[in-house]
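The lines below spell out each chain.
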Amino acid sequence: MKLRLAAARLRALFRKRRLDGELEGEILGHLEMAELDGMAAGLSAEEARREARRRFGGIEHMKEDHRDQRSVRWMENLLRDVRYGMASLARNPGFAAVTIGLLALGIGANTAMFSIVDAVLLKPLPFPEPERMVRVWEDPPGGRNGTTTLTFLDWKRQSDTFEALSVECPTRAALTTDGYPVRASGKLVSADYFQVFGVKPQIGRTFAPGEDQPGAAPVVVLSHAFWQTQFAGDPDVLKRDLVLDGEPHRIIGVLPAGSFDRDEAAYWKPMIFAPDQLNRGQHWLSPIGRLRAGVSLAQARARMTALRASLKDVIYQKDWGFAVDPFAEMLVGDTLRRSIYLAFGAVLMVLLIACANVANMVLAKGATRQKEMALRAALGAGRGRLIGQLLAESLVLCVLGGVAGIAAAYLILHAAAPLLAASLPFTADLSLDLRVLGFAALAVMAVLILTGLLPSLQTSFGRLSSALNQAARGSSSSSAAIRRTIVIGEVAASVVLICGAALLFKSLAKLQQVDVGVRIDHVITMSADLPSAAYPSPESAARFYQAVVQRLEAVPGVERASVSQGLPLQGVQWGEYMTLPGVKDFILVRLKLVDAGYFGTLQIPLDSGRGIEDRDRAGSPPVVVINRELARDLSGKFEMSNPVGRTVSIDVPGYGPIPESRTKLEIVGVIRNERTAGLEAPPELVAYIPLAQAPRQDIKLVVRTRNEPAGAVSGIREAVRQIDPHLPLGDLLTMEQVKEQSVLWAKQPTWVLGAFAGVAALMAALGLYGVLAHAVTQQRREIGIRMALGAQQGDVVARTLRSAVSMLVMGLAVGLAGAFALTRALKSLLFEVSALDPVALAVACVLMTAIGGLAAWIPANRAARVDPMTVLRNEG
Amino acid sequence: MAVNMSEQKTDVPYGTLDLLILKTLDTMGPMHGYRIARRIEQVAENLVRLNQGSIYPALIRLEEQGWIRTKWGTSETGRKVKFYSLTRAGAKQLGVEVANWERATALVARFLGAES
């Protein structure tokens, strides 16, 4: 019954005019019949008419009753208020545009940021029962490490713990299409890889058990995106082959669109272990798994610990345990998590400042409308109705701001997604889904309360009768005080943000000033992977290095060329124990494999001895060059004052699947440090081994050019093509770009926070301007009288500026206190800058003062131009 | 003290107009607003003072509740007017209202009896 009533009333709401017309007809009919009856009873026509009316009662009163009876009163009021609010905004388009713009900016930035927070940190992974997905590691004292093939196979046999357990190794191959060969990234995985993710193929099938065993026919599964781009979404793709490094692979399935399209991999193929890889020496696998249903993380950990104990005779690293971690946790690093929290906190502050600004403008508007409100109250409008009306106006503002904000969020995400893709995990889908829209709606509601409810309470609760008397004169002082407080709060919040941004910018500058240890200008780098079929032996690879360097150095514009495994700043893959003959102690060193041209091309100077030379080839005595850091460590640890000429032992990696082997090497030289990890990381202990003595398939070409590196690219490609027409080159980057990439983790949060801080400062300045401009407008009369009484323009300007300065100083003080409390959160993102760095904080204060001063100057100037005669004539 | 039954006209007792309309429609079948008003006045033998117009808000209320329904028809003067009739729910409601009324009057009568 209730529902029916509500429906009837809602219907009535929209049929108001018709229902009114019907009622009119009924009344007329009623009166006519009453008149007829009256005349039948012997009354005159005139008397009958009067009698009919008398007996009917008050017609208008009845109509009103009738309307009340059938309508939803509050809804009509709301609609009227909303209409009125829109009309009032339309009368004041400047105010409307500024407020809606501010809210759109605030809500848009927040919505976009929330989309990132949600996708990276909040939303469960886009796979079924993601809490069952784990990473499994070996666990040496220093932190997680990969495992060996045999240990992995032991883990895989724990089928009561793992429903599926798979390796995951990045791989690259040449796609044979017409023209230049293309380099495509893929992954080598176990047959049950997709069971770990619980992903079903869109077409075809994924790997069957046994397809990762020796002798299985070569098959691949494609990503949806790769299927679209490479095969144009051909539905018959399952009848086709994918040719990788010249070898055809039967396409057995295509994944659905989604997360895997954001991964770098375009195809997956089974990892088939070579006999050489079946050992417990090479820690090269990082498996992911899915726990069996009902097995908790704690149970899995306990079982793995038990397994570790049972393997104590075959795994000789006594203090290495086994570790099981939730997959989701491993996807998001600490730095990323902190950066996202930081940016979200900052953007929330921007929204608060935007709200403060809008609230301030609404208050200012309310102050000038005091008289209207007072009049309406005097005419009998209830306080609730007045608040309702003001709220309705804010509602219009907020809804329009929210809609514009969602549009803004869409644009922001659209622009930011490609820039952020590399920094976010592949599972993060940045989109405006229902959750994000829900957040936007919440934000709009919060904004409505902040910008509508508070100011409307303030406006309506002022003493209305006194407002009637004084509204025409200056502003009410309590409203002005609130507005000044709001501006102080805005300035304070901006100062906090600017301080944070200043600290980050200083840190970033310091980071970028770090000496890489190599000359990074005019250097271009490329990746290549020598396929096993074409380069089956270490000798064949070594021949390629030599030939390619020779050919590259003949290219016009190329000064030097070299081949190495790995580049500066990108980290060194191999970590091995270096021992001295007869000494039990060891040093963990990073192992870098470089050719004879590496030091020269990157211009890393020698400290002593010699560098790697052409004579250090397969068959000649094994040598090693160490960096200054390692030399210092050797002298400290083993009192080896001159390491050159000494012999050390290191496990040197083998070619392809061949495991590393213990090798005695002679230290032939010491070179200056290059930064091998990031710029923020202290120099590592690095041993350089001649690439010719330990050839690798995954290599980098490093080329120093005479002019702009970009100009040499086509020559370089052609030179490589002449050596091997089937070998594709990838990751074409100048060393300057490599450096840029290595500081991206610091750069992104810095610029994001910087942008937010800039917006916040501008908004605070706008708030300051608004309050001062409003005060000047309201006090024109007072200023006019002062000037008529002899005040100079300077006095008037000073008075306005004094007011600005007091607000700024208070804001700075509060803001600095806030910064002291909050910048600690930045600590882990700062490089060699204290969280309370005085220079950065001072710069922040100066910036805020400058922006604030500029904002104050305009109204102060306007105050000075008040013409006393005009003002007094108008208002006197 | 007895209920005032003097010649003086009283207002329609508060809350009873709905009952009077439902009962009228129950007895007389479909009719339009004027006839309903007249009928109530006639039955009350001019004892109550009824603003005839006040039945229209009551009618819309009853219609919203689903107790009466309307149909367009033509009045004696040839004008298009609404004819109101009782729905099944309305007939049931009439029973409820009559019972309520009887309970209420019995209660009041009992109080008055006890006091006197």
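Rules and cut-offs
- Residues numbered from 1 in each chain as written.
- Chains lettered and ligands numbered in written order.
- Predicted model: local features only at pLDDT ≥ 70, side-chain atom pairs only at ≥ 80, totals over all residues.
- Axes fitted to C-alpha atoms, helices over the stretch in contact; angles between N-to-C directions.
- Helix = DSSP H or I, 4+ residues; strand = E, 2+ residues; numbered from the N terminus.
- Parallel < 35°, antiparallel > 145°, perpendicular 65-115°, else oblique.
- Contact = placed C-beta atoms within 7 Å.
- Nonpolar A, V, L, I, M, F, W, Y, C, P; charged D, E, K, R; others polar.
- Buried ≥ 20, exposed ≤ 12 C-beta atoms within 10 Å, placed from the backbone.
- Core = buried A, V, L, I, M, F, W, Y, C linked by C-beta atoms within 7 Å.
- Pairing = 2+ DSSP bridges.
- Domains from an automatic or database assignment.
- pLDDT = per-residue confidence, 0-100.

A.B. asks: Which parts of the structure should I look at to understand the packing of helix 1 (residues 17–28) of chain B against helix 2 (residues 33–43) of chain B?
C.D. replies: Helix-helix packing: each pair is described by the crossing angle between the helix axes and the interaxial distance. All names here are of chain B. Direction vectors running N to C along helix 1 and helix 2 enclose 100°, while the axes themselves pass 10 Å from each other. Put simply, helix 1 runs roughly perpendicular to helix 2. Between helix 1, through Leu-20, Ile-21, Thr-24 and Met-28, and helix 2, the contact on the second element is made entirely by Ile-36, Arg-39 and Ile-40. Each residue belonging to the contact of helix 1 with helix 2 can be placed in one class, and the counts come to 5 nonpolar, 1 polar and 1 charged.

A.B. asks: How should I be thinking about the environment of Ala-109 of chain B in this particular structure?
C.D. replies: Residue and element names in this part refer to chain B. Mapping Ala-109 onto the fold places it in helix 4 (residues 88–115). On the basis of neighbour counts, which here come to 11 C-beta atoms within 10 Å, the residue Ala-109 falls in the exposed class. Once the C-alpha coordinates of Ala-109 and Gln-52 are considered, the two residues, 57 residues apart in sequence, prove to be 30 Å apart.

A.B. asks: How should the nonpolar core be read in this particular structure?
C.D. replies: What tends to happen in soluble globular proteins is that the nonpolar side chains get buried as a cluster. All names here are of chain A. One finds Val-350, Val-495, Leu-497 and Ala-760 to be the most contacted residues of the largest nonpolar core, which totals 112 residues. At 18 residues, the largest contribution of residues to this core is made by helix 13 (residues 334–368). With sequence-adjacent residues up to four places away left out, Ala-760 is seen in contact with Met-349, Val-350, Ile-353, Ala-493, Ser-494 and Leu-497. If you look at the next biggest cluster of nonpolar residues, it comprises 111 residues, including Val-518, Leu-530, Ile-612 and Leu-630.

A.B. asks: Looking at this structure, how should I read the sheet that holds strand 4 (residues 68–74) of chain B?
C.D. replies: Paired through backbone hydrogen bonds, the strands of a sheet run either parallel or antiparallel to each other. Residues and elements named next belong to chain B. Judged by pairing direction, the sheet is antiparallel, and its 3 strands sit side by side in the order 2-5-4 without closing on themselves. Here the strands that pair on one side only, and so sit at the sheet edges, are strand 2 (31–32) and strand 4. Sheet topology note: the strand 2/strand 5 (residues 80–86) ladder contains 2 bridges and is antiparallel. Directly across from His-32, in strand 5, lies its bridge partner Phe-83.

A.B. asks: Hey, could you run me through the interface of chain B and chain A in this one?
C.D. replies: It is common to report an interface's size as the accessible area lost on association of the parts. Contact with chain B, which involves 20 residues of that partner, is made by 24 residues of chain A. Where the side of chain B that touches chain A is concerned, the elements lending two or more residues are helix 2, helix 3 (55–65) and strand 5 of chain B. By residue number, the principal contributor to the side of chain B that touches chain A is helix 3 of chain B, which donates 6 residues. When its residues are assigned to classes, the side of chain B that touches chain A shows 5 nonpolar, 9 polar and 6 charged.

A.B. asks: Is there a simple way to think about the domain arrangement of chain A in this case?
C.D. replies: Taken as a whole, chain A is organised into domain 1 (2–71), domain 2 (130–331), domain 3 (334–512 + 744–875) and domain 4 (531–726). Distance between the C-alpha centres of domain 1 of chain A and domain 2 of chain A: 81 Å.

A.B. asks: What should I look at first to understand unusual backbone geometry in this one?
C.D. replies: Working note: non-glycine residues mostly have negative phi, and peptide bonds are mostly trans. Residue and element names in this part refer to chain A. The backbone of Asp-245 sits at a positive phi, close to 50°, despite the residue not being glycine. When you line up the elements, Asp-245 lands in the loop between strand 7 (241–244) and strand 8 (247–254). The class for Asp-245 is buried, based on 21 C-beta atoms found within 10 Å. Here Gln-603, not a glycine, exhibits a phi torsion of approximately 55°, which is positive. One can find Gln-603 in the loop between helix 20 (598–602) and strand 16 (606–609).

A.B. asks: Before we go on, may I ask you to explain the sheet that holds strand 2 (residues 162–166) of chain A in this structure?
C.D. replies: All names here are of chain A. Read across the open sheet, the 4 strands follow the order 2-10-1-11; overall the sheet is antiparallel. This sheet does not close on itself; its edge strands, each paired only once, are strand 2 and strand 11 (321–326). Each strand of the sheet is rotated relative to its neighbour by a mean of 30°, with strand direction disregarded. The sheet contact formed by strand 1 (residues 133–139) and strand 10 (residues 288–291) spans 3 bridges and is antiparallel. Counterpart to Arg-135 in the pairing with strand 10 is Ile-288. Most of the contacts of helix 11 (residues 297–310) go to strand 11, to which it runs at about 160°, and overall it touches strand 1, strand 10 and strand 11.

A.B. asks: Help me understand the pairing of strand 18 (residues 647–652) of chain A in this model?
C.D. replies: The side chains of a regular strand alternate, first on one face of the sheet and then on the other. All names here are of chain A. Going residue by residue along strand 18, you find Val-648, Ile-650 and Val-652 tucked away on one face and Thr-647, Ser-649 and Asp-651 left uncovered on the opposite face. Of the strand pairs in this sheet, strand 18 and strand 19 (residues 661–671) are connected by 6 bridges, and their pairing is antiparallel. What sits directly across from Ile-650, in strand 19, is Thr-663.

A.B. asks: Please clarify how the environment of Gly-29 of chain B should be interpreted in this entry.
C.D. replies: Locating Gly-29 of chain B in the fold gives a position in the loop between helix 1 and strand 2. On the basis of neighbour count, Gly-29 of chain B is assigned to the exposed category, with 10 C-beta atoms found within 10 Å.

A.B. asks: What should I look at first to understand the confidence of the model for chain A in this one?
C.D. replies: Reading fine detail from the predicted coordinates is not recommended where pLDDT is low. When pLDDT is averaged across chain A, the result is 87; 93% of the residues are at 70 or more. Contacts from residues 471–475 of chain A, a stretch scored under 50 in pLDDT, to residues over four places away or in other chains number 10 contacts.

A.B. asks: Sorry if this is basic, but what is going on with the pairing of strand 4 (residues 182–189) of chain A here?
C.D. replies: As paired strands, strand 3 (residues 168–175) of chain A and strand 4 of chain A are joined by 8 bridges and run antiparallel to one another. Across the sheet, residue Ala-173 of chain A finds its bridge partner in strand 4 of chain A, namely Ala-184 of chain A.

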